[in-house]
Amino acid sequence: MRVRRTYGRLYGAASVALLVWCIWDVMPTRVTGLSSQPSTSCPLTIVSSDPPDGFADVLHVLDTAGQPAGVTLIHVEFAEPVDMTPTDVTVLSTKPPPQVAAVWGAGVDWYVSLDAPPQPGSSTAVVFCGGGVSVLFHSRPGDINLDGTADERDAGALEAAISSGQSEPALHDFNRDGAVNAGDVDTWRAVLEAGGFDLNGYDVTPNRVLCCCSGGYCSMHIGTACADGGTEAACPCTPNPCSGNGNSS
Ligand SMILES: [Ca+2]
Ligand SMILES: [Ca+2]
């Protein structure tokens with residue numbers, strides 16, 4: 001991932017020293033998604049994303065053709081133009097994660113496509129800069145009112161959204177057919193009766209991207225705490241925040 005810099009014009013003979021500085025500084029800044037690699041700190045800031053950070057996908061896990069459905073395309077707007085490749089992007093999930101299928105874009109606008117939707121009930125993060133910045137989203141099928149349980153209250157919330165004219169396809173098009181109507185309630189009930197919801201007890205909010213120190217090395221996790229005795233460190237993992245903190249090997 002290389003951060004582009006823009007420089008102003010150089011003025012007069014006294015600019016020689018400034019020119020030398022510019023040539024030095026225009027060298028690409030390498031910031032990778034790999035943990036524990038010597039690098040600079042993360043220079044990126046995410047201005048916005050689609051889905052937005054924290055988004056919960058509550059729709060059916062299958063599309064109208066019966067194929068797995070969910071978030072497979074993430075658009076990120078950075079504050080500063082960058083260049084990147086798929087190796088600069090990491091996907092973390094609380095269940096076996098999808099893989100990065102492609103990364104494309106230019107300037108501040110970049111897209112990441114996944115090879116499959118995140119698994120139902122999982123929380124997933126698309127991570128840049130070794131954990132420095134990320135977009136976190138959740139799969140919570142059926143939990144229309146986002147209270148952590150799929151039950152009759154969700155059918156009521158869906159019906160209320162439709163009857164009030166307050167429905168939004170991203171939040172209420174449960175059967176993913178492009179329209180929000182009674183068919184979504186029918187599909188929701190059919191899935192419930194078939195025992196298709198398996199997310200009771202999941203919470204939408206607590207998972208986050210963690211940078212964890214173990215044996216002097218930093219690795220990224222998603223969850224509520226570091227696993228396997230690791231201790232939480234400040235993200236990103238590059239440069240390694242774990243050396244010299246008592247965990248160094
Ligand atoms: Ca609910
Ligand atoms: Ca629909």
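Overview of the structure.

Some thoughts on the environment of Trp110
With respect to the helices and strands, the residue Trp110 is situated in strand β8 (residues 109-114). Using a relative accessible area of 5% as the deciding quantity, one classes Trp110 as buried. In this view, Trp110 contacts Ile74, His75, Val76, Phe78, Val82, Asp83, Met84, Val103, Trp104 and Gly105; residues no more than four positions away in its chain are not counted. Reaching out from Trp110, the side chain makes a polar contact with the backbone oxygen of Val82 at a distance of 3.3 Å.

Topic: the packing of helix α2 (residues 152-163) against helix α4 (residues 182-193)
At a closest axis distance of 9 Å, the pairing of α2 and α4 adopts a crossing angle of 175°. Taken together, α2 and α4 sit at an angle that is classed as roughly antiparallel. Residues Glu152, Asp154, Ala155, Leu158, Glu159 and Ile162 of α2 form the contact with α4, whose own contacting residues are Ala182, Asp184, Val185, Trp188 and Arg189. Its residues assigned to classes, the contact of α2 with α4 comprises six nonpolar, no polar and five charged.

Some details on the sheet that holds strand β2 (residues 46-50)
On the basis of which strands lie adjacent, the open sheet formed by four strands has the order β2-β4-β8-β7 and antiparallel pairing. Looking at strand neighbours, the two that pair on one side only are β2 and β7 (100-106), the edges of this open sheet. Taking each pair of neighbouring strands and ignoring which way they run, the sheet shows an average axis angle of 20°. Note: β2 against strand β4 (residues 73-78), four bridges, orientation antiparallel. Considered in β4, the bridge of Asp50 is made with His75.

Rules used throughout
Residues numbered from 1 in each chain as written. Chains lettered and ligands numbered in written order. Predicted model: local features only at pLDDT ≥ 70, side-chain atom pairs only at ≥ 80, totals over all residues. Heavy atoms only, no water. Helix = DSSP H or I, 4+ residues; strand = E, 2+ residues; numbered from the N terminus. Buried < 20%, exposed > 50% of the residue type's maximum accessible area, 1.4 Å probe, protein only. Contact = heavy atoms within 4.5 Å. Polar contact = N/O pair within 3.5 Å; in protein donor to acceptor, adjacent residues only side chain to side chain. Axes fitted to C-alpha atoms, helices over the stretch in contact; angles between N-to-C directions. Parallel < 35°, antiparallel > 145°, perpendicular 65-115°, else oblique. Nonpolar A, V, L, I, M, F, W, Y, C, P; charged D, E, K, R; others polar. Pairing = 2+ DSSP bridges.

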